[in-house]
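Now for the letters of each chain:
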Number of protein chains: 2
Amino acid sequence: MKKMNWTEYYSEHTKYRKEVEAGELEQYIGETVQIHGMVYKIRKMSDFAFVLLRTKRSIVQCIYSREYSTFPLEQLQEESAVRMTAKVIAEERSRMGYELQLLSAEVLSLPEEISPIVINNKKVDTSLENLLNYRPVTLRNEKERAVFKLQEGICRAFREFLYKEGFTEIHTPKIVAEGAEGGANIFKLDYFGKQAYLAQSPQFYKQMMVGVFERVFEIAPVFRAEKHDTARHLNEYTSVDFEMGFIESFEEIMQMETGMLAFTMQYLQMHYELELALLKVQLPEITSIPAVKFMEAKELVAKAYQREIRDVSDFEPEEEKLLCELIKKKTGSEFVFVTHYPSAKRPFYAKECGENPEETLSFDLLFRGLEVTTGGQRIHNYREQVEKMERRGMKVEAFESYLMMHKAGMPPHGGLGLGLERLTGRLLGQENVRYAALFPRDMNRVTP
Amino acid sequence: MKKMNWTEYYSEHTKYRKEVEAGELEQYIGETVQIHGMVYKIRKMSDFAFVLLRTKRSIVQCIYSREYSTFPLEQLQEESAVRMTAKVIAEERSRMGYELQLLSAEVLSLPEEISPIVINNKKVDTSLENLLNYRPVTLRNEKERAVFKLQEGICRAFREFLYKEGFTEIHTPKIVAEGAEGGANIFKLDYFGKQAYLAQSPQFYKQMMVGVFERVFEIAPVFRAEKHDTARHLNEYTSVDFEMGFIESFEEIMQMETGMLAFTMQYLQMHYELELALLKVQLPEITSIPAVKFMEAKELVAKAYQREIRDVSDFEPEEEKLLCELIKKKTGSEFVFVTHYPSAKRPFYAKECGENPEETLSFDLLFRGLEVTTGGQRIHNYREQVEKMERRGMKVEAFESYLMMHKAGMPPHGGLGLGLERLTGRLLGQENVRYAALFPRDMNRVTP
């Protein structure tokens, strides 16, 4: 096969338009270029007008003036698609250090009507409800869309890190015969006359794949039929899952996550500076992440804030917030691992502590007051797993294909699941996780 | 934030095991190393034994001999997880150019019982049905898993290419209120007492996102309730979708796909040589891909193979095969674009030909006899879209949030959806698309 790079290929085989990308404009100062985009905002001044052009990633400031613009300004409308020729001139007062003097314009399409919501101000000034109802339009706001460009960056960084660490990317089914997390929080589905479910997590499959590739990951949707209508819950979200074999302790999983998060913050700083600046993001410093045992954490919070411990088997949301506050004060870290959750609150595949079977070799990661990850070591021994299922009164036969891997032999292993929207939301200091989902799904919302 | 690369970070903050990865072994010839993996196969010879170790990506040949091995061979079982010390020695007869002399072994876990299917031969010698029933185990076969390592490579290459071309990666919901492709082939779901559906494609959402980022892509599961039990159909599959704005013709989408595929073949050749060799893959040469109009293609096949044209609105599977055969003979290309599909067979959002509204500005891509991609230009004008929906007798109100984008203004745009499993399957010359899905879903299968 002839080796050719794509750019050569593209110019050799296509008559692709020669247009300038917004990111390259700086190289063209003093020159005339062709550029396209959507008209984001027109601001008329006394004898000229600012025309802001929304391109793939940035808003480009253009100047319309009768002096050099050869078309009537009225030809342009906000949210029309245009192709223009313009001269790039240095301009210190512009955010980019240059602006475009519009010469000619070709209007490719016009909007049918003006959006009922103003989208081209600094922020979209409306309720969350409205923001979501009009998502196809409100996402066109510069800051709204920057959230999702950053979210892309998080995924890219995760993948790059995991590839380097020898993980294989997998695609596991979302229609399943058994829920991995148990309980009633599962969507039911009629599957050609049989009952099936939507996967709550890729748990069973990623474990199976540890027997195949040793280290695997998946970034994909998961579905939880939780009847929680809170600022932290989505009924469909993007889960970042990894699972790794040959661990000596569950702390290795935490180490891997620490590395992944540290790498990701650096990656964003290097490749997503534009969005970080626009959204004024304070990236957390990650050198190491403190870890505290579940019961100790409960007691720490109770003592520091004079609170009663009401639930000894789980955290209250308020406790998570206070714990993060406390840890930040004590250590400076905005992340904290909480380890050794009670066995009663963890799923049947969680591995218990050798010395104390009431506790599991598990952890949550809290970030700025919210749980963003759940992880832990899994049971790899067949008998140990079957016995635990029997103790819990589960129907072992129903998990035949899951247990097939334990029977066939598995290395000691564990992993985690991270909620992409939660991490994004905390990173950006958003009050509601719905802000970090393009088209969020909650109990009351399946549109847009 | 202190900048530190991950390796420094990792060695500074963790006491991570110093073990050698299989890929690095060549650098250690003459040295003693520690390595871990699953025992894949033990082959006893008269006075020594071959022990094949399955590591993350490759099978490493080890030699057990009483001369230097300090443990009884009986300690090792196939599919046990082991950590071993070994001396790396050059060995020409070994596939890798070296082998490992086993010194000591630590057994981390043992299988409960021997798998009912032999998985450590060159190929798993069983029916497709059995292969899939025992997937958690049969995927451990060297060749079976190589399929999915290659599939990872395809996704990596796609993403890398699309990032470079200015596409933004998105995550769109899979629980939806309306099907994008119409028809009865849609899974229904009880969503908190209301009826919802599983997304047949991210079509509506990726179009909306063109209004936001101009170019977007997604690699994610889609769901089709098709009652087709064939070698080409899956009821859940991984769809590679991209959508791009500011196109001048639908051929630009085909050009982009040609570039993406050409880049991908090069990428596989560079980064997945191991798997290509193991599976004896013949990568297709892609310089340019011939395109032929739908009706012409039908007539070409009819004439060349003396066949009657029975269905003037769609291809029969046999015709797709014959067309590919013919095109390969004529041009050498294993890919062929078929363009201008009849309007009647394309969804309501397909843009029609200016001169002939019976035809759409659309295409399929066929590869080695099978359709792997469907794409085309979409209607971007609000009135044009509403009129087409009305002509088709659709309830326009039900698509309010979809039409919101047309109303607000959209650039001319189009895109495509590619079936990852179909492409993988054709690349590897597999007879059934189920071989290219980790855990395939068909009318009769939701497990494992």
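Quick caveat: nothing in here was measured; it's all calculated off a predicted structure.

1. What about the sheet that holds strand β15 (residues 370-378) of chain B?
Residues and elements named next belong to chain B. Overall, mixed pairing links the 8 strands, which are arranged β6-β10-β11-β16-β15-β14-β13-β12 in an open sheet. For this open sheet the edge positions go to β6 (168-169) and β12 (291-293), each flanked by a neighbour on one side alone. In this sheet, strand β13 (residues 335-339) lies alongside β12 in parallel orientation, the contact comprising 3 bridges. By the bridge assignment for β13, V292 is matched with V338. Contacts between helix α12 (residues 420-427) and the sheet are confined to β11 (236-245), β14 (362-367), β15 and β16 (413-419), with β16 contributing the most and set at about 55° to the helix.

2. Here's the deal with the sheet that holds strand β3 (residues 59-64) of chain A
By way of backbone hydrogen bonds, the strands of a sheet pair with one another, either parallel or antiparallel. All names here are of chain A. As summarised here, the arrangement of the 5 strands in space is β1-β2-β3-β5-β4, forming a closed barrel in which the pairing is mixed. Recorded for the sheet is a direction-independent mean angle of 55° between the axes of neighbouring strands. Two strands pair when backbone bridges link them, and strand β4 (residues 81-90) and strand β5 (residues 98-109) are joined in this way by 10 bridges, in the antiparallel orientation. Its bridge partner lying in β5, K87 is registered against Q101.

3. Comments concerning the nonpolar core
Core analysis: the largest hydrophobic core is formed by 244 residues, its most contacted members being C62, L102 and V336 of chain A together with C62, L102 and V336 of chain B. Setting aside chain neighbours within four positions, we find C62 of chain A in contact with V51, L53, A86, E99, L100 and L102 of chain A.

4. Regarding the domain arrangement of chain A
The domain architecture assigned to chain A consists of domain 1 (17-109) and domain 2 (142-436). Relative placement of domain 1 of chain A and domain 2 of chain A: their C-alpha centres are 45 Å apart.

5. Structural notes on the interface of chain B and chain A
Residue-level contacts link 95 residues of chain B with 94 residues of chain A. Sorting elements by how many residues they give to the side of chain B that touches chain A places helix α6 (residues 251-271) of chain B first, with 7 residues. The residue makeup of the side of chain B that touches chain A, split by class, is 51 nonpolar, 23 polar and 21 charged.

6. Considerations on helix α9 (residues 317-331) of chain A
Residue and element names in this part refer to chain A. The terminal C-alpha atoms of α9, which comprises 15 residues, lie 21 Å apart, in line with the 21 Å expected from a rise of 1.5 Å per residue. Every buried residue belonging to α9 is among E319, E320, L322, L323, C324 and I327, and all of these are buried. In this structure, the buried side of α9 is in contact with α8 (294-304), β13 (335-339), β14 (362-367) and β15 (370-378).

7. Description of the pairing of β14 of chain B
Residues and elements named next belong to chain B. For β14, the tally of buried residues reaches 6 of 6 residues, placing the bulk of the element in the interior. Across the two faces of β14 the burial is the same, with S362, D364 and L366 and F363, L365 and F367 all buried. Inspection of the sheet shows β13 paired to β14 by 5 bridges, in the antiparallel sense. Bridging across to β14, V336 finds its partner in L366. Where β14 lies against β15, 6 bridges are found, and the strand directions are antiparallel. Residue L366 lies in a different strand from β15, and its bridge partner there is E371.

What counts and what doesn't
Residue positions are counted from 1 within each chain, in the order its sequence is given. Here every chain gets a letter starting at A, and every ligand a number starting at 1, in the order they are written. pLDDT decides what is reported in this predicted model: residues at 70 or higher carry local features, side-chain atom pairs at 80 or more are listed and counted, and totals for whole chains, interfaces and linings draw on all residues regardless. Pairing between strands is defined by DSSP: at least two bridges between the two strands are required. For the purposes of this entry, the term helix denotes a DSSP run of H or I that reaches at least four residues, the term strand denotes a run of E that reaches at least two, and both are numbered from the N terminus. We call two residues in contact if the C-beta atoms placed from their backbones are at most 7 Å apart. Only the contacting stretch of a helix is used when fitting its axis, a line to C-alpha atoms as for every element, and angles between N-to-C directions run 0 to 180 degrees. Only buried Ala, Val, Leu, Ile, Met, Phe, Trp, Tyr and Cys residues enter a nonpolar core, and they are joined through C-beta atoms within 7 Å. A residue is called partly exposed when the number of other C-beta atoms within 10 Å of its own lies between 12 and 20, exposed at 12 or fewer, and buried at 20 or more, with C-beta atoms placed from the backbone. Throughout, the edges of the domains are those of an automatic or database domain assignment. Under the convention adopted here, Pro, Cys and the residues Ala, Val, Leu, Ile, Met, Phe, Trp and Tyr are nonpolar, Asp, Glu, Lys and Arg are charged, and Gly plus all remaining residues are polar. Residue count minus one, scaled by 1.5 Å, sets the expected span of a helix.

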